[in-house]
Amino acid sequence: PYPKKGTVGLPEVFDSKRQLKLKLARLAEWVRDSQHVVVLTGAGISTSAGIPDFRGPQGIWTLEKQKKTKKHKPSTTKKRKRDGTTEETSNREGENTIMSFDFAQPTLTHRAISKLTQTGKIKYCITQNVDGLHRRAGLARDHHAALHGCAFTEKCQSCDTEYFRDKDVGGMSFQPTGNFCGLCDGKLHDTL
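Right, let's walk through the structure included here. (Residues numbered from 1 in each chain as written. Predicted model: local features only at pLDDT ≥ 70, side-chain atom pairs only at ≥ 80, totals over all residues. Heavy atoms only, no water.)

## Notes on the sheet that holds strand β5 (residues 144–146)
Move 1: The sheet built from three strands is open, its strands ordered β1-β4-β5 with parallel pairing. Looking at strand neighbours, the two that pair on one side only are β1 (37–41) and β5, the edges of this open sheet. Between one strand axis and the next, the sheet turns by 15° as a mean value, whatever way the strands run.
Move 2: When strand β4 (residues 122–127) meets β5, the two strands line up parallel, connected through three bridges. Looking at β5, one finds that cysteine 125 is bridged to histidine 144. (Pairing = 2+ DSSP bridges. Helix = DSSP H or I, 4+ residues; strand = E, 2+ residues; numbered from the N terminus. Axes fitted to C-alpha atoms, helices over the stretch in contact; angles between N-to-C directions.)

## Concerning the side chain of threonine 153
Move 1: Within the element layout of this structure, threonine 153 appears in strand β6 (residues 153–156).
Move 2: Apart from the residues lying within four places of it in its own chain, the contact partners of threonine 153 are Arg135, Glu162, Tyr163, Phe164, Val169, His189, Asp190 and Thr191. (Contact = heavy atoms within 4.5 Å.)

## Re the side chain of aspartate 102
Move 1: Among the secondary structure elements, aspartate 102 is positioned in the loop between β3 (86–90) and α3 (108–118).
Move 2: What makes aspartate 102 buried here is its relative accessible area of 14%. (Buried < 20%, exposed > 50% of the residue type's maximum accessible area, 1.4 Å probe, protein only.)

## Concerning unusual backbone geometry
Move 1: If you check the backbone angles, phenylalanine 174 has positive phi at about 60° while not being a glycine.
Move 2: Relative to the elements of secondary structure, phenylalanine 174 occurs in the loop between β7 (162–164) and β8 (176–180).
Move 3: Of note in the backbone geometry, aspartate 185 takes a positive phi value of approximately 70° without being a glycine.
Move 4: Mapped onto the fold, aspartate 185 is located in the loop between β8 and β9 (187–190).

## Regarding the nonpolar core
Move 1: Core analysis: the largest hydrophobic core is formed by eight residues, namely Val31, Val37, Val39, Ile45, Ile113, Ile122, Cys125 and Leu139.
Move 2: Contributions of two or more residues to this core are made by β1 and β4.
Move 3: Setting aside its immediate chain neighbours within four residues, isoleucine 113 contacts Val39, Thr41, Ile45, Ile122, Cys125 and His134.
Move 4: Counting residues in hydrophobic clusters, the runner-up holds seven residues, among them Ile51, Phe101, Leu133 and Cys150. (Core = buried A, V, L, I, M, F, W, Y, C linked by side-chain atoms within 4.5 Å.)

## A look at the sheet that holds β9
Move 1: Pairing in this open sheet of four strands is antiparallel, and the strands run β7-β6-β9-β8 from one edge to the other. With one partner strand each, in any of the chains shown, β7 and β8 form the two edges of the open sheet. When strand polarity is set aside, the average angle formed by the axes of neighbouring strands in this sheet is 35°.
Move 2: Alignment of β8 against β9, held across two bridges, turns out to be antiparallel. Across the sheet, residue proline 176 finds its bridge partner in β9, namely histidine 189.

## Some points on α3
Owing to its 3.6 residues per turn, the α-helix brings residues three or four apart onto one side.
Move 1: For α3, the full list of buried residues reads His110, Ile113, Ser114 and Thr117. Down the axis of α3, the smallest arc covering the buried residues is 100°, so these residues share one side. For α3, the exposed residues set more than 90 degrees away from the buried face come down to Leu108 and Lys115.
Move 2: Where α3 is buried, its residues meet β1, β4 and α4 (133–136).
Move 3: Just downstream of α3, glycine 120 is the residue with a positive phi angle, here 90°. (Arc of directions from axis to C-beta.)

## Observations concerning the packing of aromatic side chains
Move 1: Overall, the coordinates contain two aromatic pairs when judged by the stated rule.
Move 2: A ring pair is formed by phenylalanine 54 and tryptophan 61, whose centres lie 4.9 Å apart and whose planes are at 50°; its orientation type is tilted.
Move 3: According to the relative accessible area criterion, tryptophan 61 is buried, its value standing at 18%.
Move 4: Taking the ring centre of phenylalanine 152 as reference, the NZ or CZ of arginine 136 above it sits at 4.3 Å. (Phe/Tyr/Trp six-rings, centres within 6.5 Å; stacked < 30°, edge-to-face > 60°. Lys NZ or Arg CZ within 6 Å of the ring centre and 35° of its normal.)

Structure (structure tokens):
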């Protein structure tokens, strides 16, 4: 387990409609007047797509900390996925909850970043997220860096060709996925 998670469980803070309108106007002015805009995104951009953040009120690390301090009755839940398979989650001590990014859809923010990149206003987008939502929103790979890899991307270890898939490719720590490159027949590995 990763011990240095910082402060977790802080409440979310929302601007008033007036404050938000003023901040958005200022941001629009900055973007309009800029020659080179680079965007950095993290977990918060995907929470409205149903993917939890880490430190928020319902964040992964917040809930993990609460489980360590509260007694929970162990339970296992089976959930049928759209493809007909089942996914089992557990809240037992020491067991990780399985999260699937397969059905998450890009948010308005993901789509806006993609559109502003297509028009040339945003030059590059860097993300800490592994959920693939920027790519699903249409953001071109040559305008995008996924710092921690992507659950949907396989990379050829021989020729560096990347393949963006519709489903999580499985694996972690650059392990072989069992697939082969269509260009050189090299082994494909996950990018996490």
